[in-house]
Amino acid sequence: MDLLHSINDFNEAKQVIPGGVNSPVRAFKSVGGTPPFISKGKGCHLFDADGNCYIDFVQSWGPLIFGHCDADIQKNVSLAIQNGLSFGAPTELETTLAKEIISLYEGIEKIRLVNSGTEATMSAIRLARAYSQKDDIIKFEGCYHGHSDSLLVSAGSGCATFGFPSSPGVPKDFSKHTLVARYNDIDSVKSCFEVGEVGCVIIEPIAGNMGLVPADANFLKELRILCDKYKAVLIFDEVMSGFRASIKGTQGYYDTIPDMATFGKVIGGGMPLAAFGGKSEIMNILSPLGSVYQAGTLSGNPIAVSAGIASVCKIKQNPQIYPQLEKLANTLMSGFKNNAEKYGFSLQTSVRGSMFGFFFNNSTVKNFQDAQKSDTALFAKFHQKMLEQKIYLACSQFETGFICTPMNESIIQTAIKAAENSFAQMAKDNVKRT
Ligand SMILES: *Cc1c(COP(=O)(O)O)cnc(C)c1O
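The rules behind the values
- Residues numbered from 1 in each chain as written.
- Predicted model: local features only at pLDDT ≥ 70, side-chain atom pairs only at ≥ 80, totals over all residues.
- Heavy atoms only, no water.
- Helix = DSSP H or I, 4+ residues; strand = E, 2+ residues; numbered from the N terminus.
- Rg over C-alpha atoms; globule rule 2.2 N^0.38 Å.
- Areas by Shrake-Rupley, 256 points an atom, 1.4 Å probe, with all protein chains shown as cover.
- Lys, Arg positive; Asp, Glu negative; His and termini not counted.
- Charge placed at Lys NZ, Arg CZ, Asp CG, Glu CD.
- Pairing = 2+ DSSP bridges.
- Contact = heavy atoms within 4.5 Å.
- Axes fitted to C-alpha atoms, helices over the stretch in contact; angles between N-to-C directions.
- Domains from an automatic or database assignment.
- Salt bridge = Lys/Arg side-chain N within 4 Å of Asp/Glu carboxyl O.
- Polar contact = N/O pair within 3.5 Å; in protein donor to acceptor, adjacent residues only side chain to side chain.
- Buried < 20%, exposed > 50% of the residue type's maximum accessible area, 1.4 Å probe, protein only.

## Looking at the overall build of the chain
At step 1: Scanning the chain from terminus to terminus reveals 13 helices and 19 strands.
At step 2: For the chain, the C-alpha radius of gyration of 21 Å lies close to 22 Å, the compact-globule estimate for 434 residues.
At step 3: Projected onto its principal axes, the C-alpha positions of the chain cover 65 × 55 × 45 Å.
At step 4: As displayed, the chain offers around 18400 Å² of accessible surface, 52% of which is attributable to carbon and sulfur atoms.
At step 5: Of the charged side chains in the chain, 40 are positive and 41 negative, and the gap between their average positions amounts to 3 Å.

If you want it as structure tokens, here you go:
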């Protein structure tokens, strides 16, 4: 496969942008090789600087549920552009989008729009701390909520301890207020509540950032009970799962209702847009009604909001897409699994609506520790071989894949066939090595 232009582009980018990328995962570090530099997308396909055409299972890391260049979203954006790019003043569009989201998510009575998922979770936590009047928060090992200081925290030795910074530059003084619990393990949450003054628990109820690891229904139920007992605010981070797992995100699969939720990705239809929301009682202490400060020059940007309205309205008019996307995701995952097993590789797969994930792992993955037992070298090989066959998968084992509506059975079969070829070659390579 020809990647000459991308190799050039990458070298040039590295001169002026750290690592050549504006978000680290794009650099392909965990799978090796050169990331294709993208020139355009269309439907479920991506085209790179060398003219290679890929089937895209990344979809901008989630936002593009209708694929690239969706006509309805693009039309709404084009119309909005005619009226100006930004006002820094309220528009009717923002109310429209807020109403659309609120109508689908139980427990969410008011929302505020921001520009990124990072901003949404950071602001939600500030608000939750102010509301509960307690500083400590609980997060889960393997869950990602953006890169703000309080949330860029890893588990200490063993879980249920105060965390330590997972990046230089995050002061210990910040991370010491973040307790880290184990996903799907309610006892570890109990221990956290016992050692801290916990005002808030934030969780990806369908975790997508350690690979795809859905929570057990009972675990979320017990989490709700603990939060009520200790008067802590329960935040569901649905930046990825919202409008992806189902039209109601996590609420399509589970009964548990959070106090607050964060959204991003799909609600922006591909533009920088995110939101945090919750019960009025909590949201009303936000400035200008209350004293909790949060602001943004470009928050609620009319172009981004127009893309979001088009995306969410199209979803509401076509709720049948979710079972259709889920069917394709299930076909893809069972195709990968069967072919992997045929060549002696053990694959753990899961699907939630249009989200799919697979681990090169012998046992079921319930938490980050389990996920980390996966064979990342095998994944890297698989990724390379798929890319050579023009199948564009997330470049890390610990990411989620996405199906979009322009995909159909034949696209999925093409990807399964490529997977079969990849496993066959990997098996052959292994035989040679031993
Ligand atoms: C992507 C993501 C974020 C961060 O959103 P950005 O827009 O990248 O800042 C936060 N939480 C979850 C669950 C995500 O998947």
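## Re the sheet that holds strand S5 (residues 136-140)
At step 1: Across the sheet, which stays open at both edges, the 8 strands sit in the order S4-S15-S14-S13-S10-S5-S9-S7 with mixed pairing between neighbours. Strands with a single pairing partner mark the edges of an open sheet, and in this sheet they are strand S4 (110-114) and strand S7 (161-162).
At step 2: Contacts from helix H3 (residues 92-104) reach S4 and strand S14 (260-263), with the element oriented near 125° to S4.
At step 3: Along the sheet face, helix H7 (residues 217-229) touches S5, strand S10 (198-203) and strand S13 (233-237) and points at about 160° away from the line of S10.

## With respect to the sheet that holds strand S17 (residues 355-360)
At step 1: As summarised here, the arrangement of the 3 strands in space is S16-S17-S19, forming an open sheet in which the pairing is antiparallel. Each of the sheet's edge strands pairs with one partner strand only, and the pair in question is strand S16 (347-352) and strand S19 (401-402).
At step 2: Here helix H10 (residues 321-342) sits on the sheet in contact with S16 and S17, set at roughly 180° to S16.

## Comments concerning the domain arrangement of the chain
At step 1: We note that the domain assignment places domain 1 (4-69 + 320-428) and domain 2 (71-317) within the chain.
At step 2: For domain 1 versus domain 2, the distance between C-alpha centres works out to 26 Å.
At step 3: Across the contact, 33 residues belong to domain 1 and 34 residues belong to domain 2.
At step 4: Along the contact surface separating domain 1 from domain 2 lie 1 salt bridge.
At step 5: Lys366 is the partner of Asp216 in a salt bridge, and the nearest nitrogen-oxygen pair spans 2.7 Å.
At step 6: At the surface where domain 1 touches domain 2, the tally comes to 12 residue pairs in polar contact (both at pLDDT 80 or more).

## A few points about the pattern of salt bridges
At step 1: This model, assessed by the stated rule, comprises 13 salt bridges.
At step 2: Measuring nitrogen to oxygen at the nearest pair gives 3.4 Å for the salt bridge that ties Asp429 to Lys385. Remark: Lys385 occurs in helix H12 (residues 376-388) and Asp429 occurs in helix H13 (residues 409-433); sequence separation between them is 44 residues.
At step 3: Judged by its relative accessible area of 26%, Asp429 is partly exposed.
At step 4: The class of Lys385 is buried, set by a relative accessible area of 14%.
At step 5: Residues participating in the shared-partner salt-bridge network are Arg224, Asp228, Asp259 and Lys279.

## Considering the pairing of strand S9 (residues 178-181)
At step 1: Side chains of S9 alternate between two faces, with Thr178 and Val180 and Leu179 and Ala181 buried alike.
At step 2: Note that S5 and S9 share 4 bridges and pair parallel. Following the sheet pairing, Ile138 is matched in S9 by Leu179.
At step 3: Bridge count between S7 and S9: 2 bridges; the pairing is antiparallel. Residue pairing in the sheet places Phe162 in a bridge with Leu179 of S9.

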